[in-house]
Amino acid sequence: MYGYYYYRQDWSSVLEYLNNSMNGEQMVCSMTTQLFHIPATKNLKGNTEMHIHLVPASYHRVTALGCAKRLQSGESHESIIKALVACVNNGLKQDKEITKWLRVMRENAPREFKGFMDNVIRWQQQTEQSLAYTQQLLRGMGLETESETGEPAY
């Protein structure tokens, strides 16, 4: 499936975009968890549902970043690349659900929290865009990733 060529890639751009995505994910996690600790938003509709997807999205980003760091440092097992690609794909699937539930949260947020929710949504957009660009970089390296429809892209 993957030849020697893939192991000799420069993974620095992948690392950069995964780091950007991770940074955004940290902000989304921090801000939406904060809402559980504010009386006016502790039961905000959609927050619990959104976190059901945020937790695995975070896991997939952490794992993808770890894989990319290992590849950049010279490790070269095919399974690391497969794990990286799978985690990027799975993270993007979770992101779609996160975005859906963030919209529900914004719709149901008290007026004084609408701007806060807009900020969370912007962070999520940046987070997702960085991961989507990572997926494009992987495709550009000749790796098979999933398309928008969830089918393998060749």
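Residues numbered from 1 in each chain as written. Predicted model: local features only at pLDDT ≥ 70, side-chain atom pairs only at ≥ 80, totals over all residues. Heavy atoms only, no water.

J.: Help me out: how do you make sense of the packing of aromatic side chains in this one?
T.: The geometry of an aromatic ring pair comes down to the distance between the two centres and the angle between the two planes. All chains considered together, the criterion is met by two aromatic pairs. On the numbers, 6.5 Å between centres and 80 degrees between planes, the contact of Phe113 with Phe116 is edge-to-face. Judged by its relative accessible area of 21%, Phe116 is partly exposed. (Phe/Tyr/Trp six-rings, centres within 6.5 Å; stacked < 30°, edge-to-face > 60°. Buried < 20%, exposed > 50% of the residue type's maximum accessible area, 1.4 Å probe, protein only.)

J.: Would you mind showing me how to read the packing of helix α3 (residues 47-72) against helix α4 (residues 78-108) here?
T.: For any two helices packed against each other, the geometry is given by the interaxial angle and the distance between the axes. Two elements in contact, α3 and α4, have axes whose closest approach is 7 Å; the angle formed by their N-to-C orientations is 155 degrees. On the basis of their axis angle, the class for α3 and α4 is roughly antiparallel. Once α3 is placed against α4, the crossing between them reads as left-handed. Per-class residue counts for the contact of α3 with α4 are 18 nonpolar, seven polar and five charged. (Axes fitted to C-alpha atoms, helices over the stretch in contact; angles between N-to-C directions. Helix = DSSP H or I, 4+ residues; strand = E, 2+ residues; numbered from the N terminus. Parallel < 35°, antiparallel > 145°, perpendicular 65-115°, else oblique. Left-handed = near helix turned anticlockwise from the far one by under 90°. Nonpolar A, V, L, I, M, F, W, Y, C, P; charged D, E, K, R; others polar.)

J.: Which parts of the structure should I look at to understand the pattern of salt bridges?
T.: Two side chains bearing opposite charge may form a pair once their charged atoms approach each other closely. Per the counting criterion, the structure on display carries six salt bridges. Taking the shortest distance from any N to any O, the salt bridge between Glu75 and Arg70 comes out at 2.8 Å. Given a relative accessible area of 37%, Arg70 falls into the partly exposed group. The partner of Glu78 in a salt bridge is Lys82, and the shortest N-O contact between them spans 3.2 Å. Pair noted here: Glu78 and Lys82 are both in helix α4, with a separation of four residues, about one helical turn. Note on Glu78: relative accessible area 23%, which makes it partly exposed. Through salt bridges with shared partners, one network takes in Glu25, Arg61 and Asp95. (Salt bridge = Lys/Arg side-chain N within 4 Å of Asp/Glu carboxyl O.)

J.: Would you take a moment to explain the state of the cysteines for this structure?
T.: Overall, the coordinates contain zero disulfides when judged by the stated rule. Lacking any disulfide linkage, Cys67 is separated from the closest cysteine sulfur, that of Cys87, by 6.0 Å. Using a relative accessible area of 6% as the deciding quantity, one classes Cys67 as buried. By relative accessible area, which is 7% here, Cys87 ends up buried. (Disulfide = S-S within 2.5 Å.)

J.: Help me understand helix α2 (residues 12-35), please; the structure alone is not making it clear to me.
T.: The α-helix winds at 3.6 residues per turn, so residues separated by three or four positions along the chain end up facing the same way. Spanning 24 residues, α2 covers 35 Å between terminal C-alpha atoms, matching the ideal 34 Å at 1.5 Å per step. What α2 keeps buried is the set Val14, Leu15, Leu18, Ser21, Met22, Gly24, Glu25, Val28, Met31, Thr32 and Leu35. In the core, the buried residues of α2 are packed alongside α3, α4 and α5 (114-140). (Expected span 1.5 Å × (residues − 1). Contact = heavy atoms within 4.5 Å.)

J.: How do you make sense of the environment of Trp123 when you look at a structure like this?
T.: Secondary-structure assignment places Trp123 in helix α5. Separated by 100 residues in sequence, Trp123 and Asn23 have C-alpha atoms that sit 9.1 Å apart.

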